[in-house]
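Architecture at a glance
Letter by letter, the chains look like this.
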Amino acid sequence: MAESKAPQPREVVIDPPGVGAFLDVPDRAKGLVIFAHGSGSSRFSPRHAYVAKELNRAGFATLLADLLTHGEEEDRRNVFDIELLSKRLLRVAQWASEYPKTRDLPVGLFGASTGAAAALVAAADPHLNPACVVSRGGRPDLAGEYLAEVRSPVLLLVGSLDGPVIDLNKMAYDRLSDATLIIVPGAGHLFEEPGAMDEVVRQAIDFFGRHFAGPAAREDHRGVPRPNLR
């Protein structure tokens, strides 16, 4: 199967409050993946840029938006303000639902670190109801009581070397109604080890592809190997 032509990133501004974002929409996109960055990260993150580009090659549109303004980033408390981050993420999703090139696409969320909690809180909002959510090295536990309200399928990806975060993801797994937990061998919190981010990409492409395609594709799917599944 031929890969979709890789698009060129387009910088957009989402108002209010006026946050910057990078949007990539390949031809005949299968769906839109909105990124929720974690603490100390932004749309310029090389890790998220790599994942986004591979998703683009697989035929998915991507939207990497900063959930905080420059002024807000200076206050580190905002990085852990999950309610604020989730509200911004909902605003980004609303913008995408109105933008001509993305308004008709199914939406999925990709969160890392505290961004994963923001993605799950946003997913619990009935007005969004995303097709699915992927968490990489996330802190889904910070979504608290909202975990029980998430109805979208959730994929939790955690590195085997990320000790305490594994336990926090297991706690979140037990509270989510439709979740898969995959522990990636030899990976740390940032998935910087050789091949670790490639595994994230492989799992994300598979997960988004199935859930963007609808219930029939999920039922017929035989799955990719999932070593160390909880």
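Description of the structure in this document.

A few words on the side chain of Asn169. Within the secondary structure layout, Asn169 lies in helix 5 (residues 163-175). Looking at Asn169, its side chain comes within polar contact range of the main-chain oxygen of Gly138, at 3.1 Å. Residue contacts for Asn169: discarding those within four places in its chain leaves Ser135, Gly138, Pro140, Leu156, Val158 and Leu181.

So, on to the packing of helix 3 (residues 82-98) against helix 4 (residues 114-123). Each packed pair of helices is defined by two parameters, the angle between the axes and the distance between the axes. Packing of helix 3 against helix 4 leaves a shortest axis separation of 8 Å and a crossing angle of 60 degrees. By the angle between their axes, helix 3 is oblique relative to helix 4. Regarding helix 3 and helix 4, the two cross each other, and that crossing is right-handed. Residues Ile82, Leu85, Ser86, Leu89 and Leu90 of helix 3 touch helix 4, and the partners they reach there are Thr114, Ala117, Ala118, Ala119, Val121 and Ala122. In terms of residue class, the contact of helix 3 with helix 4 is made up of 9 nonpolar, 2 polar and no charged.

So, on to the pairing of strand 7 (residues 154-159). In terms of burial, strand 7 is largely enclosed, as 6 of its 6 residues are buried. Pairing between strand 6 (residues 132-136) and strand 7: 4 bridges, direction parallel. Residue pairing across strands places Val133 opposite Val154, the latter belonging to strand 7. Relative to strand 8 (residues 179-184), strand 7 runs parallel, the two being bridged by 6 bridges. Its bridge partner lying in strand 8, Leu157 is registered against Ile182. At this point the chain moves from strand 7, through helix 5, to the parallel strand 8, and the crossover so formed is right-handed.

Here we take up the packing of helix 1 (residues 46-57) against helix 6 (residues 196-213). Taken N-terminus to C-terminus, the directions of helix 1 and helix 6 make an angle of 45 degrees; their axes are 10 Å apart at the nearest point. As summarised for this structure, helix 1 and helix 6 are arranged oblique, according to the angle between their axes. Helix 1 and helix 6 meet at a crossing whose hand is right-handed. Contacts between helix 1 and helix 6 pair Arg47, Tyr50, Val51, Glu54 and Leu55 from the former with Met197, Asp198, Val201, Ile205 and Phe208 from the latter.

We now examine the environment of Gly59. Its place among the elements puts Gly59 in the loop between helix 1 and strand 4 (61-65). On a C-alpha basis, the gap between Gly59 and Ala29 in space is 5.2 Å, while along the polypeptide they are 30 residues apart.

By secondary structure assignment, the location of Leu64 is in strand 4. A residue is classified by how much of its surface remains accessible, and Leu64, at 4% relative accessible area, is buried. Along the primary structure Leu64 and Asp24 are separated by 40 residues, whereas in three dimensions their C-alpha atoms are 8.9 Å apart. What Leu64 contacts, discounting residues up to four positions off in sequence, is Gly20, Ala21, Phe22, Phe35, His37, Arg43, His48, Ala49 and Ala52.

Mapped onto the secondary structure, Gly159 falls in strand 7. Separated by 22 residues in sequence, Gly159 and Gly137 place their C-alpha atoms 6.8 Å apart.

Quick notes on the rules
Starting from 1, residues in each chain are numbered consecutively following that chain's sequence as written. A pLDDT threshold of at least 70 governs which residues receive local features in this predicted model, and a stricter bar of 80 or more applies before side-chain atom pairs are shown or counted, although totals over entire chains, interfaces and linings include all residues. To get the side-chain values, all heavy atoms of the structure are used, and hydrogens and water are removed first. For the purposes of this entry, the term helix denotes a DSSP run of H or I that reaches at least four residues, the term strand denotes a run of E that reaches at least two, and both are numbered from the N terminus. Here a polar contact is taken to be a pair of N or O atoms separated by no more than 3.5 Å, where protein atoms must pair a possible hydrogen donor with a possible acceptor and residues adjacent in sequence count only if both atoms sit in side chains. Any two residues having at least one pair of non-hydrogen atoms within 4.5 Å are treated as being in contact. Here an axis means a line fitted to C-alpha atoms, over the contact stretch when the element is a helix, while the angle between two N-to-C directions is reported on a 0 to 180 degree scale. Here roughly perpendicular refers to angles of 65 to 115 degrees, roughly parallel to angles under 35, roughly antiparallel to angles over 145, and oblique to all remaining angles. In this scheme, a crossing is called left-handed if the near helix is turned counterclockwise away from the far one by less than a right angle; it is called right-handed if the turn is clockwise. Polar here means any residue other than Ala, Val, Leu, Ile, Met, Phe, Trp, Tyr, Cys and Pro, which are nonpolar, and Asp, Glu, Lys and Arg, which are charged; Gly is therefore polar. Burial classes follow relative accessibility: with a 1.4 Å probe on protein chains only, a residue under 20% of its type's maximum area counts as buried, one over 50% as exposed, and anything between as partly exposed. When DSSP locates at least two bridges between a pair of strands, those strands are taken to pair. Throughout, right-handed denotes a crossover for which the path from the first strand over the helix to the second runs clockwise when the strands point away from the viewer.

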